[in-house]
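Structural overview for review
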Amino acid sequence: MTNERHIYPVILCGGSGTRLWPLSRKSFPKQFAQLMDETSLFQRAATLACGEGFAPPLVVTGDPFRFIVLEQLDTVGQKPTAVLIEPEGRNTAPAVLAAALALAQQAPDALMLILPSDHLIPGAGAFRATVRAAAGRADAGDLVTFGIEPTRPETGYGYLELTDPAARSAAEPQSLVRFVEKPDAAHAAEMLASGRYLWNAGIFLFSVRAIIEAYRAHAPELLDAVSAAVDAGTTDLGFTRLGAQAWGKAQAISIDYAIMEKASNLAVMPFSAGWSDLGDWKSVWQESGPDAQGNVCSAQATAIDCSNTLLRSEAGGLELVGIGLDEMIVVAMPDAVLVAPKSASQRVGEAVKSLKERGIRQGEAMPRDMRPWGWFESLAVGNGFQVKRIVVNPGQALSLQSHTHRAEHWIVVGGTAQVTIGDFSKLVSANESVYVPLGAVHRLENPGKIPVEMIEVQTGAYLGEDDIVRYEDRYARS
């Protein structure tokens, strides 16, 4: 490594939230969920490459997740170098290029470490050492990809072919023959037996200059479109919004297809200290440490005469019991339950597609809606009324707003809220309530140091979330 704080982690934080449904959904994809412990996969990625020799991360994400990104980074003591907002997901090639062009403006001689936000790498120290070992080749202008030593004939991953089987556990970057797309079971077994292949982790290290030159050589039209999007970018509350019109002209393509399969200056850095993309519930089961019977149970789950089974309840007060199950996945949320054999865990996306086609809310939305100020969940819905639980974080505030079709009753059950209704403003504490008439301009703020928790009772002819007229909003929402 040439100097301190030379490597900039670039965390790619998109995702459709389908493969680990119902815990992961479009509105709250798996990288933000507490899959393995109380730390999300995104937070793990942010702390994976930190400390001496690493700059704060640059994050590429979508508008719905921008405040979740900041909140989760703050929880682990991180402040980003930048947060780039994609107008729409266009796969990894445009995202990586946007990050490179943004870094070229402030650190043109830097190295970039491309990290997916939803992978599990338990050995952070070993990973950082591996990155440092690869830095020399990246400094020299090579595009370094990280290959994982395979442990099974996996059909869900792409592969990297080496020239020498002995290089599979080398401590320095190696020559790369080619990228191999996801194989069928027979070919996966052959590749594992040959010893010449590594799993493609989708992790890369290269210099800002080298990767921009690679796009110029192999994807010039993509470089034109993304450059225009970066040039048209605007600053919004510390975020950088890429230009939407130019971004829409960028081809939706992975960096593997756009660059890596065409470039000649490639190297692969083997890594064998543990990795999983947690791409399905079977992977979660494998990485969660099954007990002697092969079972993984959450705190609210009980296995009786079960084997090789995942039982997971994510709903408070909902006890999940499995009896006589073998090779099964059962995941219970407050609003949806998944039951499937482990062998079908990669088919969960089919269920999500079916729910979306039928207009079922659970296909994409979580029962708890995250907002920049906190979150809310619906407790009861009936003819002309809805009851919500709302939590507003310390120092945060709802927008100054009004509703055309509903009135609201607010009952504070925890903390103290500053409530404004028209020209009237007062502090409302636990066990106190206020009434917001239909059409009244109002706002709720949390001036305290603990969350405000309240119950909201809505009454009216229409109770949709789009019945909001915003007059002022500190989060720049329209």
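None of the values given here were measured: they were computed from a predicted structure.

1. Details of the overall build of the protein chain
Of regular secondary structure, the protein chain possesses 11 helices and 28 strands. Taken against the 2.2 N^0.38 rule, which gives 23 Å for 478 residues, the C-alpha radius of gyration of the protein chain at 24 Å falls within 12% of a compact globule. Based on the C-alpha atoms only, the size of the protein chain along its principal axes is roughly 75 × 60 × 40 Å. Counting only residues that meet the buried cut, the protein chain has 52% of its 478 residues in that class. Of all intrachain contacts in the protein chain linking residues separated by at least 6 positions in sequence, the fraction that spans at least 24 positions is 70%. Accessible surface computed for the protein chain: about 20,600 Å², of which carbon and sulfur atoms make up 50%. Across the protein chain, the 41 positively charged side chains and the 54 negatively charged ones have centroids separated by 2 Å.

2. A look at the side chain of Ser402
Summarising the element assignment, Ser402 is placed in strand 21 (residues 400-402). A distance of 2.8 Å separates polar atoms of two side chains, one belonging to Ser402 and the other to Tyr471.

3. Remarks on the packing of helix 1 (residues 41-48) against helix 2 (residues 66-75)
The geometry of helix 1 relative to helix 2 is characterised by a closest axis approach of 10 Å and an angle of 60° between their N-to-C directions. Between helix 1 and helix 2, the crossing angle belongs to the class labelled oblique. Read as a crossing pair, helix 1 and helix 2 show a hand that is right-handed. Two secondary-structure elements touch here, helix 1 through Phe42, Gln43 and Ala46 and helix 2 through Val69, Gln72, Leu73 and Thr75.

4. Some thoughts on the pairing of strand 15 (residues 320-323)
Only one face of strand 15 is buried: it carries Leu320 and Gly322, and the other face, with Val321 and Ile323, is open. Sheet topology note: the strand 13 (residues 301-304)/strand 15 ladder contains four bridges and is parallel. Bridge pairing links Ala301 to Leu320 in strand 15.

5. Quick notes on the packing of helix 6 (residues 208-218) against helix 7 (residues 220-231)
Relative orientation of the contacting elements helix 6 and helix 7 amounts to 120°, with a least axis distance of 5 Å. The angle between helix 6 and helix 7 falls in the class oblique. From helix 6, Tyr215, Arg216, Ala217 and His218 reach across to helix 7, where they touch Pro220, Leu222 and Leu223. Of the residues assigned to the contact of helix 6 with helix 7, the class counts are five nonpolar, one polar and one charged.

6. Focus on the UniProt feature "domain: MannoseP isomerase/GMP-like beta-helix" (unreviewed entry) in the protein chain
Per the UniProt record, the feature "domain: MannoseP isomerase/GMP-like beta-helix" (unreviewed entry) sits at residues 303-355. Regarding residues 303-355, the helix share stands at 15% and the strand share at 38%, and the terminal C-alpha atoms are separated by 29 Å.

7. Quick look at the sheet that holds strand 22 (residues 406-414)
Here we have six strands laid out as an open sheet, ordered 18-19-20-27-22-25, and antiparallel in their pairing. The open sheet is flanked by strand 18 (368-371) and strand 25 (432-436), the only strands paired with a single partner. Ignoring strand direction, the axes of neighbouring strands in this sheet form an average angle of 20°. Here strand 20 (residues 385-392) runs beside strand 27 (residues 452-460); their pairing, made up of eight bridges, is antiparallel. Bridge pairing in strand 27 places Val391 opposite Glu453.

8. Concerning the sheet that holds strand 16 (residues 328-332)
Within the open sheet, the four strands sit side by side as 12-14-16-17. Their pairing is mixed. The two strands at the open ends of the sheet, each matched to only one other strand, are strand 12 (296-297) and strand 17 (337-341). Pairing geometry for strand 12 and strand 14 (residues 310-313), over two bridges, is parallel. Counterpart to Val296 in the pairing with strand 14 is Leu310.

9. Some thoughts on the pairing of strand 17
Here strand 17 shows a clear split, with Leu338 and Ala340 buried on one side and none of Val337, Val339 and Pro341 buried on the other. The pairing of strand 16 with strand 17 spans five bridges and is classified as antiparallel. In the strand pairing of strand 17, Val331 is matched with Leu338. The turn joining strand 16 and strand 17, which pair antiparallel and follow one another in sequence, is formed by four residues.

10. Comments concerning the domain arrangement of the protein chain
Examined at the domain level, the protein chain breaks down into domain 1 (7-271), domain 2 (281-358) and domain 3 (368-472). One C-alpha centre belongs to domain 1, the other to domain 3; they are set 40 Å apart.

11. Section: the packing of aromatic side chains
Tallied over the entire structure, the rule returns 11 aromatic pairs. Plain terms: the ring middles of Phe32 and Phe65 are 5.5 Å apart, the flat faces sit at 50° to each other, and that makes the pair tilted. One end of the pair, Phe32, is in the loop between strand 1 (7-13) and helix 1; the other, Phe65, is in the loop between strand 2 (58-62) and helix 2, with 33 residues separating them in the sequence. Residue classification places Phe32 among the buried residues on the basis of a relative accessible area of 2%. Taking the relative accessible area as the measure of exposure, Phe65 reaches 7% and is therefore buried. What links up through ring pairs into an aromatic cluster is the set Phe28, Phe32, Phe42 and Phe65. Over the ring of Trp285 we find Lys342, and its NZ or CZ is 3.6 Å from the ring centre. When the ring centre of Trp375 is taken as reference, the NZ or CZ atom of Arg368 above it lies at 3.5 Å.

12. Some thoughts on the pattern of salt bridges
Counting across every chain of the model gives 30 salt bridges. Residue Arg389 is joined to Glu453 by a salt bridge in which the shortest nitrogen-to-oxygen separation is 2.7 Å. Taken together, the residues Arg389 in strand 20 and Glu453 in strand 27 connect sequence positions 64 residues apart. For Arg389, a relative accessible area of 25% corresponds to the partly exposed category. Ionic pairing is found between Arg474 and Glu445, a salt bridge with its closest N-O pair at 3.9 Å. Of this pair, Arg474 sits in the segment after strand 28 (469-472) while Glu445 sits in strand 26 (residues 442-445), placing them 29 residues apart in sequence. Residue Glu445 is classed as partly exposed on the basis of its relative accessible area of 25%. Connected through shared salt-bridge partners, Asp63, Arg66, Asp236 and Arg241 make up one network.

Conventions used here
Residues numbered from 1 in each chain as written. Predicted model: local features only at pLDDT ≥ 70, side-chain atom pairs only at ≥ 80, totals over all residues. Heavy atoms only, no water. Helix = DSSP H or I, 4+ residues; strand = E, 2+ residues; numbered from the N terminus. Rg over C-alpha atoms; globule rule 2.2 N^0.38 Å. Buried < 20%, exposed > 50% of the residue type's maximum accessible area, 1.4 Å probe, protein only. Contact = heavy atoms within 4.5 Å. Areas by Shrake-Rupley, 256 points an atom, 1.4 Å probe, with all protein chains shown as cover. Lys, Arg positive; Asp, Glu negative; His and termini not counted. Charge placed at Lys NZ, Arg CZ, Asp CG, Glu CD. Polar contact = N/O pair within 3.5 Å; in protein donor to acceptor, adjacent residues only side chain to side chain. Axes fitted to C-alpha atoms, helices over the stretch in contact; angles between N-to-C directions. Parallel < 35°, antiparallel > 145°, perpendicular 65-115°, else oblique. Left-handed = near helix turned anticlockwise from the far one by under 90°. Pairing = 2+ DSSP bridges. Nonpolar A, V, L, I, M, F, W, Y, C, P; charged D, E, K, R; others polar. UniProt positions renumbered as here; feature names shortened; annotations may be inferred. Domains from an automatic or database assignment. Phe/Tyr/Trp six-rings, centres within 6.5 Å; stacked < 30°, edge-to-face > 60°. Lys NZ or Arg CZ within 6 Å of the ring centre and 35° of its normal. Salt bridge = Lys/Arg side-chain N within 4 Å of Asp/Glu carboxyl O.

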